[in-house]
Amino acid sequence: MLKQEILPLILILYALKGVINISVTGNNTSTGISQYIIIADANGDIVKVTQGTSDTFTWPECGQFTAYSYNYVTSLGTLPVVGDNISTIQSDCTANGECCELASVPLEFVDTSPPVITGLPPDITVNCFVNIPAMPELPLLIIVSEVAWLLEYK
């Protein structure tokens, strides 16, 4: 078996207006070595795969993710696929030992804008720190043959 040296990888992330820019340096660029950037959600499910050393990532809602740099001997590694779980690649990388390198860095999308609530009736005050009371049970009115029945809906 041919032993390939996989160098340590460095993931560089920076954000600009909700877009995270990802760059990988220090990866092995020898013939027969592949490099992918993998993004997995908090459950480890792969949501994005890019072959290469740079990419951008954005997400339409708040969430926690991990960016992985996957550098491996092409003939021995597992090709990452959207929808798979990162644990498959992690276990394959561990089983193959020196044949791959998987570096990671966490990232998170958070909402930093305060809520804006419009259209409230004038007699209601909204406070984000106060629990909203449960909705009261409402009577249900059913009309059958011009006779009105009042039922309690539960």
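Q: Help me understand the environment of Asp-111, please; the structure alone is not making it clear to me.
A: Within the fold, Asp-111 resides in the loop between β7 (100–109) and β8 (139–144). Asp-111 sits 49 residues away from Cys-62 along the chain, and the two C-alpha atoms are 6.4 Å apart.

Q: Even after reading the chapter, I still don't get the side chain of Asn-28, so can you show me in this structure?
A: Considering the arrangement of structural elements, one finds Asn-28 in the loop between β2 (19–25) and β3 (33–41). Here the side chain of Asn-28 touches Ser-30 through a polar contact of 2.8 Å, side chain to side chain.

Q: Can you walk me through the packing of aromatic side chains in this structure?
A: Enumeration according to the criterion identifies seven aromatic pairs in this entry. Aromatic pair Phe-57 and Trp-59: ring centres 5.8 Å apart, planes at 35 degrees, arrangement tilted. Judged by relative accessible area, which is 3%, Phe-57 ranks as buried. Note on Phe-57 and Phe-109: the rings are 5.7 Å apart at their centroids and 65 degrees apart in plane angle, and the pair reads as edge-to-face. Taken together, the positions of Phe-57 in strand β5 (residues 54–57) and Phe-109 in strand β7 put the pair 52 residues apart, joining distant regions of the chain. Here a set of aromatic residues connected by ring pairs shows up, and it is made of Phe-57, Trp-59, Phe-65 and Phe-109.

Q: Can you walk me through the pattern of salt bridges in this structure?
A: When their charged atoms lie close together, side chains carrying opposite charge are able to pair. For the structure on display, the rule yields one salt bridge. As a salt-bridge pair, Asp-55 and Lys-48 come within 3.2 Å of each other at their nearest N and O atoms. Exposure remark for Lys-48: the relative accessible area of 26% places this residue in the partly exposed category.

Q: Could you clarify how one ought to interpret the nonpolar core in this entry?
A: Generally speaking, nonpolar side chains in soluble globular proteins are found buried as a group. Core analysis: the biggest nonpolar cluster contains 11 residues, these being Tyr-36, Ile-38, Ala-40, Ile-46, Tyr-68, Tyr-70, Tyr-72, Ile-86, Ile-89, Cys-93 and Cys-100. Secondary structure elements with two or more residues in this core: β3, β6 (63–73) and α1 (86–96). Residues within four places of Ile-89 in sequence aside, it is in contact with Ile-38, Ile-46, Tyr-70, Thr-78, Pro-80 and Leu-102. Counting residues in each nonpolar core, the second largest holds 10 residues, with Ile-20, Phe-65, Ala-67 and Phe-109 among its members.

Q: Explanation requested: the sheet that holds β6 in the structure shown.
A: As a general point, the strands of a sheet are linked pairwise by backbone hydrogen bonds and lie either parallel or antiparallel. As summarised here, the arrangement of the four strands in space is β4-β3-β6-β7, forming an open sheet in which the pairing is antiparallel. The two strands at the open ends of the sheet, each matched to only one other strand, are β4 (46–51) and β7. Here the average twist between neighbouring strands, direction ignored, is 20 degrees. Where β3 meets β6, nine bridges bridge the pair, whose relative direction is antiparallel. Residue pairing across strands places Ala-40 opposite Thr-66, the latter belonging to β6.

Conventions used here
- Residues numbered from 1 in each chain as written.
- Predicted model: local features only at pLDDT ≥ 70, side-chain atom pairs only at ≥ 80, totals over all residues.
- Heavy atoms only, no water.
- Helix = DSSP H or I, 4+ residues; strand = E, 2+ residues; numbered from the N terminus.
- Polar contact = N/O pair within 3.5 Å; in protein donor to acceptor, adjacent residues only side chain to side chain.
- Phe/Tyr/Trp six-rings, centres within 6.5 Å; stacked < 30°, edge-to-face > 60°.
- Buried < 20%, exposed > 50% of the residue type's maximum accessible area, 1.4 Å probe, protein only.
- Salt bridge = Lys/Arg side-chain N within 4 Å of Asp/Glu carboxyl O.
- Core = buried A, V, L, I, M, F, W, Y, C linked by side-chain atoms within 4.5 Å.
- Contact = heavy atoms within 4.5 Å.
- Pairing = 2+ DSSP bridges.
- Axes fitted to C-alpha atoms, helices over the stretch in contact; angles between N-to-C directions.

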